[in-house]
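Reading the structure
Here are the chains, one letter per residue:
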Amino acid sequence: MKKYAKQIMTAASKIKLIATDIDGVLTAGEIIILESGEEVKLWNVKDRQGLNLLKKNLPEVKIAWISGRKSKQLELRAKEQKIDFLVQECKDKVKSLIEIANKLKISFDEIAYIGDDIIDLGALKATGLSVCPKDAVFEVKKVSRCISQYDGGRGVFREVCEIVLKAKKVWDDIINRQ
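About the thresholds
Residues numbered from 1 in each chain as written. Predicted model: local features only at pLDDT ≥ 70, side-chain atom pairs only at ≥ 80, totals over all residues. Heavy atoms only, no water. Phe/Tyr/Trp six-rings, centres within 6.5 Å; stacked < 30°, edge-to-face > 60°. Helix = DSSP H or I, 4+ residues; strand = E, 2+ residues; numbered from the N terminus. Lys NZ or Arg CZ within 6 Å of the ring centre and 35° of its normal. Pairing = 2+ DSSP bridges. Core = buried A, V, L, I, M, F, W, Y, C linked by side-chain atoms within 4.5 Å. Buried < 20%, exposed > 50% of the residue type's maximum accessible area, 1.4 Å probe, protein only. Contact = heavy atoms within 4.5 Å. Salt bridge = Lys/Arg side-chain N within 4 Å of Asp/Glu carboxyl O.

What follows covers the packing of aromatic side chains. Taken as a whole and assessed by the stated rule, the structure comprises one aromatic pair. Between Trp43 and Trp65 the ring centres are 5.5 Å apart and the planes differ by 25°, which places this aromatic pair in the stacked class. You can see Trp43 sitting in the loop between strand E3 (39-40) and helix H2 (45-57) and its partner Trp65 sitting in strand E4 (residues 62-66), a full 22 residues away along the chain. Directly above the aromatic system of Trp171 lies the positively charged group of Lys166, at a separation of 5.3 Å from the ring centroid.

Set out below in structure tokens:
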């Protein structure tokens, strides 16, 4: 088990919203476009399990997916997984986070944001816990408080869920129930 710095765990203990980019974080950033124009994204089952563990054990922690692109598949996955907030075609992720934070009546210190590219820089700088995949661009790594041990689409979201579950002292209960 990876041990995280005390400052990361302190920040994670305050989290009430985990917001994430999609392409390059929840997926590896590869998009298959079929002849019909439909997009296909590959999702990691470990990230889905992290979401399930979080929703079951910390239902008060909300989830936001914020994407610069628009995809029917993303809408379907968000509905299927009961994602609390889905924002597509987003060019200003900080503005979207402000709107969501206002709805939830939370501060930016209570938000974890996961991003991988320069469109995510503002959100990463603004939030209490900023995380990026191991393969994020240099500028993103430079401003992130935590660099995941995983590449995008390979378990980054799961790792953040585990950090929050551990920081909020419920991880050991989850493991002991298995």
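Structure's up, so let's keep going.
The next subject is the sheet that holds strand E1 (residues 17-20). As summarised here, the arrangement of the six strands in space is E5-E4-E1-E6-E7-E8, forming an open sheet in which the pairing is parallel. The sheet is open, and its two edges are formed by strand E5 (85-87) and strand E8 (146-147), each paired on a single side. The pairing of strand E7 (residues 129-132) with E8 spans two bridges and is parallel. Bridge pairing in E8 places Cys132 opposite Ile147.

As a further point, take the nonpolar core. Formed by 35 residues in total, the largest nonpolar core has its most connected members in Ile18 and Leu54. Elements with a minimum of two residues in this core: helix H1 (6-13), H2, E4, helix H3 (72-80), strand E6 (111-114), E7, helix H7 (156-167) and helix H8 (171-177). Residues contacting Leu54, with those up to four places away along its chain left out, are Ile18, Pro59, Val61, Ile63, Cys161, Val164 and Leu165.

The next point concerns the pattern of salt bridges. According to the stated counting rule, one finds ten salt bridges in the structure shown. Between Asp21 and Lys93 there is a salt bridge whose closest N-O contact spans 2.9 Å. In this pair, Asp21 sits in the loop between E1 and strand E2 (32-33) while Lys93 sits in helix H4 (residues 93-104), placing the two residues 72 residues apart along the sequence. On the accessibility criterion, Asp21 (6% relative accessible area) is buried. Taking the relative accessible area as the measure of exposure, Lys93 reaches 2% and is therefore buried. Salt bridges sharing partners connect three or more residues here, namely Asp21, Lys93 and Asp120.

With respect to the helices and strands, the residue Gln81 is situated in the loop between H3 and E5. Residue classification places Gln81 among the buried positions, given a relative accessible area of 13%. Sequence separation between Gln81 and Arg48 is 33 residues; the distance between their C-alpha atoms is 8.3 Å. With near-sequence residues (within four places) excluded, Gln81 lies in contact with Arg48, Leu51, Lys55 and Trp65.

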